[in-house]
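What follows is the residue order along each chain.
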Amino acid sequence: MTAKKRIGLDIDGTITAPDTFIPYLNKYFNKSLTLDDIVEYDLTNILEISEQQFWEWMGKHEGIIYEQARLAEYAEQTLHEWTKEHDLIYITARREHLASVTKNWFTSRSLPFDHIELVGKHDKIEAIRSHRLDIFFEDKHDNAVAIAEEFKIPVILMDTPYNRLPVPGNVIRATNWLEAKAWVDKWLAE
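Draft legend 1. Local environment of the overall build of the protein. In terms of regular secondary structure, the protein is built from 8 helices and 6 strands. Taken over 190 residues, the protein has a buried fraction of 49%. In the protein, once contacts between residues fewer than 6 apart in sequence are set aside, the share between residues at least 24 apart is 63%. A total accessible area of about 9,700 Å² is found for the protein, and carbon and sulfur atoms account for 49% of it. Positive and negative side-chain charges in the protein, numbering 22 and 32 respectively, have mean positions lying 3 Å apart.

Draft legend 2. Highlighting unusual backbone geometry. Within the chain, S110 stands out as a residue other than glycine whose phi angle is a positive 55°. Located in the positive-phi region is R132, a residue other than glycine, with phi close to 45°. Relative to the assigned elements, R132 resides in the loop between α6 (125-131) and β4 (135-138). Look at R132 and you get exposed, because its relative accessible area is 61%.

Draft legend 3. The sheet that holds strand β1 (residues 6-9), seen in detail. With parallel pairing, 6 strands are arranged side by side in an open sheet as β3-β2-β1-β4-β5-β6. Only two strands of the sheet have a single neighbouring strand rather than two, namely β3 (115-118) and β6 (171-174). Here the strands of the sheet are splayed against their neighbours by 20° on average, with no regard to which way each runs. Pairing of β1 with β4, which is carried by 3 bridges, proceeds in the parallel orientation. Bridge pairing in β4 links L9 to F137. In the packing of helix α4 (residues 75-82) onto the sheet, the strands contacted are β1, β2 (87-92) and β4, and the crossing angle to β2 comes to about 130°. On top of the sheet, helix α8 (residues 177-189) reaches β1, β4, β5 (155-158) and β6; it is set at about 170° to β4, its chief contact.

Draft legend 4. Structural detail: the pattern of salt bridges. The full count for this structure, using the stated rule, is 15 salt bridges. Measuring nitrogen to oxygen at the nearest pair gives 2.6 Å for the salt bridge that ties K140 to D142. Look at K140 and you get buried, because its relative accessible area is 11%. Using a relative accessible area of 44% as the deciding quantity, one classes D142 as partly exposed. Among the ionic contacts, a cluster of salt bridges with common partners joins K4, R6 and D87.

Cut-offs used in this document
Residues numbered from 1 in each chain as written. Predicted model: local features only at pLDDT ≥ 70, side-chain atom pairs only at ≥ 80, totals over all residues. Heavy atoms only, no water. Helix = DSSP H or I, 4+ residues; strand = E, 2+ residues; numbered from the N terminus. Buried < 20%, exposed > 50% of the residue type's maximum accessible area, 1.4 Å probe, protein only. Contact = heavy atoms within 4.5 Å. Areas by Shrake-Rupley, 256 points an atom, 1.4 Å probe, with all protein chains shown as cover. Lys, Arg positive; Asp, Glu negative; His and termini not counted. Charge placed at Lys NZ, Arg CZ, Asp CG, Glu CD. Pairing = 2+ DSSP bridges. Axes fitted to C-alpha atoms, helices over the stretch in contact; angles between N-to-C directions. Salt bridge = Lys/Arg side-chain N within 4 Å of Asp/Glu carboxyl O.

Here it is as structure tokens:
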């Protein structure tokens, strides 16, 4: 039997569909973006707005976006399978005022979790250290690389147009949750 693992997971763009924000961005900023147009994580360049404008928009819209976020395809089945034998620890850059929205999203979808931590910034290193994770799932390129290098653990990078820079060997790019699950199942069996 596989030893119990502490699986760390980002939420947005990782267990939620990576195109979650696009309909909202298109409506508010009068754009016609697709996921393929999002080639960098920082949306201010793509939207041609300032960081202040972006955060004002986020402040008004992030709650409803997170409430209505769709799950990434095949994520739900995978999480339910893994929770039977492993701890699922979510570490997100979401800010603390979104704690109830986030927890309600999980409970309304009956998604398993052992812990959800909102760190309020993209740097997740200290949270990962405190939870002593064995593996992490991420969609932000520089986070994936920093986590892999700091902890020497595998990091599954959910492939998107905005994270296609080179990665070290222990960052494993997965195009979807079936591919991610197959890699992790093999890793668990070793």
